[in-house]
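Structural features, examined
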Amino acid sequence: MKKNIVSIAFWAAFLVFSMFVFFTKVLYEDSDATTEKREKLNDRVKEYTREEFDELVSDRLGLAVLVNKTSLGEMNNAERLRMLINQYKGNDRYDTFSRDEIEKIHKESVIKNLNIVYENLNDYYGTFLWNNSKVAYQYDDSSKTFKYTGVLGHGGASRGNISHKELVSMDTNGHTYTLKYRYIFYNSTGDGPSDVTLYLNIKDALNDNNAWKYLPVGADNSAHENEYINMHYNEIRDKLPIYTYIFKVENGSLVLTDFFVINP
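All figures in this text were calculated on a predicted structure; none of them were measured in a lab.

Conventions and cut-offs
Residues numbered from 1 in each chain as written. Predicted model: local features only at pLDDT ≥ 70, side-chain atom pairs only at ≥ 80, totals over all residues. Heavy atoms only, no water. pLDDT = per-residue confidence, 0-100. Contact = heavy atoms within 4.5 Å. Phe/Tyr/Trp six-rings, centres within 6.5 Å; stacked < 30°, edge-to-face > 60°. Helix = DSSP H or I, 4+ residues; strand = E, 2+ residues; numbered from the N terminus. Buried < 20%, exposed > 50% of the residue type's maximum accessible area, 1.4 Å probe, protein only.

Moving on: the confidence of the model for the protein chain. Across the protein chain, pLDDT averages 80, with 75% of residues at or above 70. Throughout residues 32-44 the model reports pLDDT below 50, and contacts reaching past four residues in sequence, or to other chains, amount to zero contacts.

One pair of aromatic rings is described through two measures. These are the centre distance and the angle between the planes. All chains considered together, the criterion is met by 17 aromatic pairs. Measuring from ring centre to ring centre gives 5.6 Å for tyrosine 137 and tyrosine 148, while their planes differ by 50 degrees; the resulting arrangement is tilted. Pair noted here: tyrosine 137 is in strand E3 (residues 128-140) and tyrosine 148 is in strand E4 (residues 145-148), with a separation of 11 residues, a long-range link. Centre to centre, the rings of tyrosine 243 and phenylalanine 259 are 6.5 Å apart; their planes meet at 20 degrees, and the pair counts as stacked. Residue tyrosine 243 is found in strand E9 (residues 242-250), and its partner phenylalanine 259 is found in strand E10 (residues 253-262); the two are separated by 16 residues along the sequence. When its relative accessible area of 2% is taken as the criterion, tyrosine 243 is described as buried. Here the aromatic cluster, defined as three or more aromatic residues joined through ring pairs, consists of Phe97, Tyr118, Tyr137, Tyr139, Phe146 and Tyr148.

A few words on the environment of isoleucine 262. Tracing the sequence through the fold places isoleucine 262 in strand E10. The class of isoleucine 262 is partly exposed, set by a relative accessible area of 35%. Separated by 192 residues in the primary sequence, isoleucine 262 and threonine 70 place their C-alpha atoms 8.8 Å from one another. Contact partners of isoleucine 262, with chain neighbours within four places excluded, come to Lys180, Pro241, Ile242 and Thr244.

Put into structure tokens, the structure is as follows:
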């Protein structure tokens, strides 16, 4: 009898031990697999650099248009369309091109989450409207093409350009990037050597008001705005608005999800 009891106890203990070893192994392997999957997922999240974001918020994509806004929602359809066309056309913009070409860029752009309506584009310079009474690109919905009309230009003057930008901060958790910039703007009077006027905010630059500094072109055909800014930047730094861009990584690419301005 005692032998039976001992035998039963032994096999019961063995069974419990075996189950413990089995489930421990399964849980350990599952944990390892989950960790491995997570590591593989994290590996697929590209880490973007400061230089890449500097390029994104420059004129390459036309995101500088946002400096004239207080939120992403204020950017109108024409401004979104100009951003895409500028990216597509580059320097070769004086011809006919298809809507399909712009749609491809839209699907891969940082504003792919924003709707686009295809329509005529009035005369503009960079990303800013220049002349609301003239059509620069005529859109034909039947052929789904844009045709250049010959009027795109700005008369040799430049307005609302960014002369200096400072990256105040760049925060990320791997999937969301928050970038804060300060800008100094300038207006110039011609394509070649010309006078330069510096402004501390975009509204003053666009309206030619409250100039920070007027720099006449010198004998060496330069207004030396960079040297002037470097010498005096600390004096006005805290007077500049902070422009905040928030990007998210979605399906392996960046999307601009929010924008706002912090005034001094």
